[in-house]
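Observations on chain architecture
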Amino acid sequence: MNKISIVNNHIIPFDIDGVSLNDNNISFLENGNYLVEYIDCNEINLNIKICKNKCINLFEYSYDNDIIVNNKYSIDSRSSLIINKFYCNKNSNENIDISLIGEKSNVKYNFSSISNGIDKYKINVYHNNKETTSDIFNKTIAKKDSGNYFEINSYVENGILDTYLNQSTKIITLGDSDNRINPNMYTYDNSTTAVHSSVIGSVSEDELFYLMSRGISYDDSVRLIVKGNILSNINIPDEYWQKINDIIDKIGGE
């Protein structure tokens, strides 16, 4: 997998076939699987473009940063962007703009996070052409005394035909925390199909009872449930599988 490293807020120069870099503008010109890691960063501003007739799988990873992110993604005609993303930061303040600018363009956004501090996420999805599709899936584990605020906005103007919008956000709480989900779908064309769900709750008592009845301790049962929720939502590159498992294994029965 081709890796793009961003260290101290700067993109490390790279030479990857099919990828163009100009300042903070990254253009994907060929199909492929790519990885973006934020290392010792506190402010990120990227413009990411998916060119026509391309399929891009992008994995994003951020660990132990206190970070502000303002990233923009634009997806051209008949192109597909699949984002798998994992955060476990001190604090996160993120604003994401996704523009489906070409016909039959689509995005699938899979985000999993473990929240230690105050995490704020605003995700804007603009359906700017017909037959476009967006799937936004968020799963967060809220540790004790953390705060998680999701605002997800999907936009379709009148005359933008046959679009599909899907939003799903789930926050699992481990102890007292402040969590809010604000899903919005601004659709002005009757041909739009729109689906959304939002859930905030603690670890399932039924799942805990089942696991503990099999002789698994309370802490280990919580970890298994957390791991199932986090890992089921994202596809993880082999080199990051152990890192993420180790992060989850540090979680106890809070």
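In this report, the structure presented in the accompanying data block is examined. (Residues numbered from 1 in each chain as written. Predicted model: local features only at pLDDT ≥ 70, side-chain atom pairs only at ≥ 80, totals over all residues. Heavy atoms only, no water.)

Topic: the overall build of the protein chain
- A tally of helices and strands in the protein chain yields 3 helices and 17 strands.
- In terms of C-alpha radius of gyration, the protein chain reaches 19 Å, essentially the compact-globule figure of 18 Å for 254 residues.
- Projecting the C-alpha coordinates of the protein chain onto the three principal axes gives extents of approximately 55 × 45 × 30 Å.
- Relative to its full complement of 254 residues, the protein chain shows a buried share of 49%.
- Summed over its atoms, the accessible surface of the protein chain is roughly 11600 Å², and 43% of this surface lies on carbon and sulfur atoms. (Helix = DSSP H or I, 4+ residues; strand = E, 2+ residues; numbered from the N terminus. Rg over C-alpha atoms; globule rule 2.2 N^0.38 Å. Buried < 20%, exposed > 50% of the residue type's maximum accessible area, 1.4 Å probe, protein only. Areas by Shrake-Rupley, 256 points an atom, 1.4 Å probe, with all protein chains shown as cover.)

Things to note about helix α3 (residues 238-249)
- Here α3 spans 17 Å end to end across 12 residues, near enough to the 16 Å set by a 1.5 Å rise per residue.
- Of all the residues in α3, the buried ones are Y240, I244, N245, I247 and I248. Looking down the long axis of α3, one finds its buried residues gathered within 155° of arc, a one-sided arrangement.
- Taken together, the buried residues of α3 touch β1 (2-7), β5 (32-39), β7 (55-63), β9 (80-88), β11 (106-115) and α2 (218-232). (Expected span 1.5 Å × (residues − 1). Arc of directions from axis to C-beta. Contact = heavy atoms within 4.5 Å.)

Things to note about the environment of I141
- One can find I141 in strand β13 (residues 133-142).
- Since its relative accessible area comes to 1%, I141 is described here as buried.
- Placed 107 residues apart in sequence, I141 and I248 show a C-alpha to C-alpha distance of 9.9 Å.
- For I141, the contacting residues outside a window of four places in its chain are S113, I114, S115, I172, L174, V226 and I230.

What to know about the packing of aromatic side chains
- Across all of its chains, the model carries 12 aromatic pairs by this definition.
- Relative to F86, the ring of Y61 has its centre 6.1 Å away and its plane inclined at 20°; by these criteria the two rings are stacked. Residue Y61 is located in strand β7, and its partner F86 is located in strand β9; the two are separated by 25 residues in the primary sequence.
- On the basis of relative accessibility, which here comes to 4%, the residue Y61 falls in the buried class. (Phe/Tyr/Trp six-rings, centres within 6.5 Å; stacked < 30°, edge-to-face > 60°.)

Some remarks on the sheet that holds strand β14 (residues 147-156)
- With respect to topology, 8 strands assemble into an open sheet ordered β3-β4-β6-β8-β10-β12-β14-β16, the strand pairing being mixed. The open sheet is flanked by β3 (19-22) and β16 (178-187), the only strands paired with a single partner. If you compare each strand with its neighbour and ignore which way they point, the axes differ by 10° on average.
- Sheet topology places β14 next to β16; 10 bridges connect them, and they run parallel. Bridge pairing in β16 links V156 to T187. (Pairing = 2+ DSSP bridges. Axes fitted to C-alpha atoms, helices over the stretch in contact; angles between N-to-C directions.)

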